[in-house]
Every structure is written in C-alpha cells, then in structure tokens.
Amino acid sequence: MPNLLVRVKIMPKEAEITPQQIAGDIRKQNPGIEIRSTKEEPIAFGLVALIADFITDDEAGAMDAIEVAIKNSELVGEFEVQGASRISASVKK
C-alpha cells in the first residue's frame, strides 16, 4: 500500500520555543504519528519554524489525524500544510 508524505510548516507559539521541542511534543502526545525528517527555517527576530515530513497511510482521514496531532501541541502557534505526495515502499529494478 502506498504511503503518504505530508510536509508541514509549523510556527511556534513563542520565539523561545525551539523546533526540537515542538517535534518532541508532537511525538510524545501522539506516538502513532511518524515524523520522518525535520529541518529548521529561520523566520525573523529569533523565530524559527519547524518543517516536518510526516508519514501516514494513504487512507481517508489520514490528513485529519496529522492536523489533530499538531493542534494538540500547546507549543504550536499555527501551521500550514505545504504539500502531500504518495511514496512507494517498493523499488522496481
């Protein structure tokens, strides 16, 4: 079954909150959510956004589960889904 990769830009609620703290909080509160990779994007005045790639099954409600997981974190100010793409688990030669 193909999986879905969802890239989300997550802004912290306050400038003192680091992207690592946000990713850790999302993982802690939602152990079923897989974050494949993260990177930081400096915004301004010490504010740093988290760009996170989430992996989920390509089924109905999968995007909703990711959004709920992000919204449940009290460290998140706002977020924006930047893109979604199917990925394949098998590689053909």
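Residues numbered from 1 in each chain as written. Predicted model: local features only at pLDDT ≥ 70, side-chain atom pairs only at ≥ 80, totals over all residues. Heavy atoms only, no water.

Let's talk about unusual backbone geometry
Part 1 of the reasoning: Phi is positive for Phe 45, close to 55°, though the residue is something other than glycine.
Part 2 of the reasoning: Looking at where Phe 45 falls in the secondary structure, it is placed in the loop between strand S2 (34–44) and strand S3 (47–57). (Helix = DSSP H or I, 4+ residues; strand = E, 2+ residues; numbered from the N terminus.)

Points about the pattern of salt bridges
Side chains that carry opposite charge are capable of pairing whenever their charged atoms lie near each other.
Part 1 of the reasoning: Applying the stated rule across the entire model yields 2 salt bridges.
Part 2 of the reasoning: Across the salt bridge formed by Asp 53 and Arg 7, the nearest N and O atoms sit 2.7 Å from each other. Residue Asp 53 is found in strand S3, and its partner Arg 7 is found in strand S1 (residues 3–12); the two are separated by 46 residues along the sequence.
Part 3 of the reasoning: For Arg 7, a relative accessible area of 35% gives the class partly exposed.
Part 4 of the reasoning: One salt bridge connects Glu 41 with Lys 9, and the closest N-O pair in it is separated by 2.8 Å. Of the two residues, Glu 41 sits in strand S2 while Lys 9 sits in strand S1, which places them 32 residues apart along the sequence.
Part 5 of the reasoning: Given a relative accessible area of 18%, Lys 9 falls into the buried group. (Salt bridge = Lys/Arg side-chain N within 4 Å of Asp/Glu carboxyl O. Buried < 20%, exposed > 50% of the residue type's maximum accessible area, 1.4 Å probe, protein only.)

Regarding helix H1 (residues 19–29)
Part 1 of the reasoning: Buried residues of H1: Pro 19, Ile 22, Ala 23, Asp 25 and Ile 26, and no others. Projected down its long axis, H1 carries its buried residues within an arc of 160°, all on one side. Opposite the buried face of H1, at more than 90 degrees from it, the exposed residues are Gln 20 and Lys 28.
Part 2 of the reasoning: The inward-facing, buried residues of H1 contact S1, S2, S3, helix H2 (62–71) and strand S4 (76–87). (Arc of directions from axis to C-beta. Contact = heavy atoms within 4.5 Å.)

Considering H2
Part 1 of the reasoning: Listed in full, the buried residues belonging to H2 are Ala 62, Ile 66, Ala 69 and Ile 70. Buried residues along H2 cover an arc of 95° about the axis, so they all sit on one side.
Part 2 of the reasoning: Buried-residue contacts for H2 involve S1, H1, S3 and S4.

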